[in-house]
Amino acid sequence: MTAVTPARLTARDLLRVGLAGLRVRRTRVALASLGIAIGIATMVAVVGISSSSQADLLRRLDELGTNMLTVKAGQTLQGEDAKLPEQSVAMVSRIDSVYAVAATGDLEASVYRTDRIPADRTGGISVRAATLGLLETVQGRVRTGSWFTTASESFPTVVLGDLASRRLGVTAPGAQVWLGGRWFTVLGVLDPVPLAPGIDRAALVGWEGARDLLSFDGHPTMLYERSTPESVEAVRSVLPRTVNPEYPEEVTVSRPSDALAARAATAGAFTNLLLGLGAVALLVGGVGVANTMVVSVLERRREIGLRRALGATRGHIRAQFLAESLLLSGLGGVVGLALGTLVTIGYAVSNGFPTLVPLWAIGGGLAAVVVIGSVAGLYPAVRAARLSPTVALSTA
């Protein structure tokens, strides 16, 4: 007596059978895969947008450099505001490895668009004296006009930071502003300075002009220093005693690039939160797929019974419904990956960021689709395989 060997379903056969099962229920399939698509799209878009933003931030950080330190006066032991010595810039410039140093000094003056604006409406704009090397040290750029020269810094001229120019409504050189009780001519307007945001809100006056025209005492409020990258920490350790040998404890030293690095880390933490929300949406989508497959088993008992009666084994039935579940999840996954990538590209292009969708995010999305499809389809597939042919045909 010859034993009967059950037929084998090839991968191609499983694909055809699975697609046939999905084609007859297109509306339900679309709705079930929508949850998967939303979850995958959310996760890919969140990772892509965060990665693009971080890439832009790190690119700017590389351009600006991490070798700039700022020095400002702290407080005395009596709790009063300390002052940096007048010779601070010259003293810092003598440190080995320091190749650029500049300073700003706060002035007791306000700037207005006209002389008819009440004195208490300053618009949050500060007035600072600036040394000639400031722009080069902080790697700032003049948007329109020009920076101070050895000649123009002694005259009543002013350079406006980005935010200050917008609040004053002055966007081009040549205009006049009311500063310290007299008219000053706008020499230029700066682009934003990421490593020195205080300059964005300031009206800058030449160092010598501030002494002669605005009674500036010559004490810097903030020093900006650049040294070779490998010597930053060594310079940082000697700056307080160099700037103020008598009271080094009254000097505060910081590195502005640390703030940008912290922003990148904060963006990463926020990304984890949004990824959690995307995972919840993915879980809901998986439940929807499982529900669709369970209903499909109940509706197709006659089909299952007929296939079993014609020789299909329980393994064939399990494979068929698992294939349908995987295809259903895969459909949502592909749509989700496409949507997430498009959202990332649109966000990056609109903000001028480099477009970056990490491969691990795409790979993770595909892996999640396979896992969800397998888990969601396992119980319906086992339930379908356990149906007896006679029972399935009699109850259909």
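One can find the structure itself at the top, above this paragraph.
Let me sum up the structure you'll find in this document. (Residues numbered from 1 in each chain as written. Predicted model: local features only at pLDDT ≥ 70, side-chain atom pairs only at ≥ 80, totals over all residues. Heavy atoms only, no water.)

### Brief notes about the packing of aromatic side chains
Then step 1. A complete count under the given rule lists four aromatic pairs for this structure.
Then step 2. With 5.1 Å between their ring centres and 70° between their planes, Trp-178 and Trp-183 make a pair best called edge-to-face.
Then step 3. Given the relative accessible area of 34%, Trp-183 is considered partly exposed.
Then step 4. Their ring planes at 65° and their centres at 5.9 Å tell us that Tyr-347 and Phe-353 sit as a pair that is edge-to-face. (Phe/Tyr/Trp six-rings, centres within 6.5 Å; stacked < 30°, edge-to-face > 60°. Buried < 20%, exposed > 50% of the residue type's maximum accessible area, 1.4 Å probe, protein only.)

### Observations regarding the packing of helix α10 (residues 301-309) against helix α11 (residues 314-351)
Helix packing geometry: the angle between the two helix axes and the distance between the axes.
Then step 1. Running from N to C, α10 and α11 point in directions that differ by 140°, and their axes come no closer than 10 Å. On the basis of the axis angle, α10 is oblique to α11. For α10 against α11, the interelement crossing comes out right-handed. Mapping the contact onto sequence places Glu-303, Ile-304, Arg-307 and Arg-308 in α10 and Arg-314, His-316, Ile-317, Gln-320 and Phe-321 in α11.
Then step 2. Split by residue class, the contact of α10 with α11 holds three nonpolar, two polar and four charged. (Axes fitted to C-alpha atoms, helices over the stretch in contact; angles between N-to-C directions. Helix = DSSP H or I, 4+ residues; strand = E, 2+ residues; numbered from the N terminus. Parallel < 35°, antiparallel > 145°, perpendicular 65-115°, else oblique. Left-handed = near helix turned anticlockwise from the far one by under 90°. Contact = heavy atoms within 4.5 Å. Nonpolar A, V, L, I, M, F, W, Y, C, P; charged D, E, K, R; others polar.)

### A few points about the environment of Gly-276
Then step 1. Following the sequence through the fold, Gly-276 ends up in helix α9 (residues 257-299).
Then step 2. Separated by 233 residues in sequence, Gly-276 and Met-43 place their C-alpha atoms 8.5 Å apart.

### So, α10
Then step 1. Of the residues making up α10, those classed as buried are Ile-304, Gly-305 and Arg-308. Projection of α10 onto a plane perpendicular to its axis shows the buried side chains occupying an angular sector of 95°, all on one side. (Arc of directions from axis to C-beta.)

### Let's talk about the packing of α11 against helix α12 (residues 359-386)
Then step 1. Look at α11 against α12: their axes get within 7 Å of each other, and the N-to-C directions meet at 150°. If you check the angle between α11 and α12, you find them roughly antiparallel. Relative to α12, the crossing made by α11 is right-handed.
Then step 2. Partitioning the contact of α11 with α12 into residue classes produces 16 nonpolar, seven polar and three charged.

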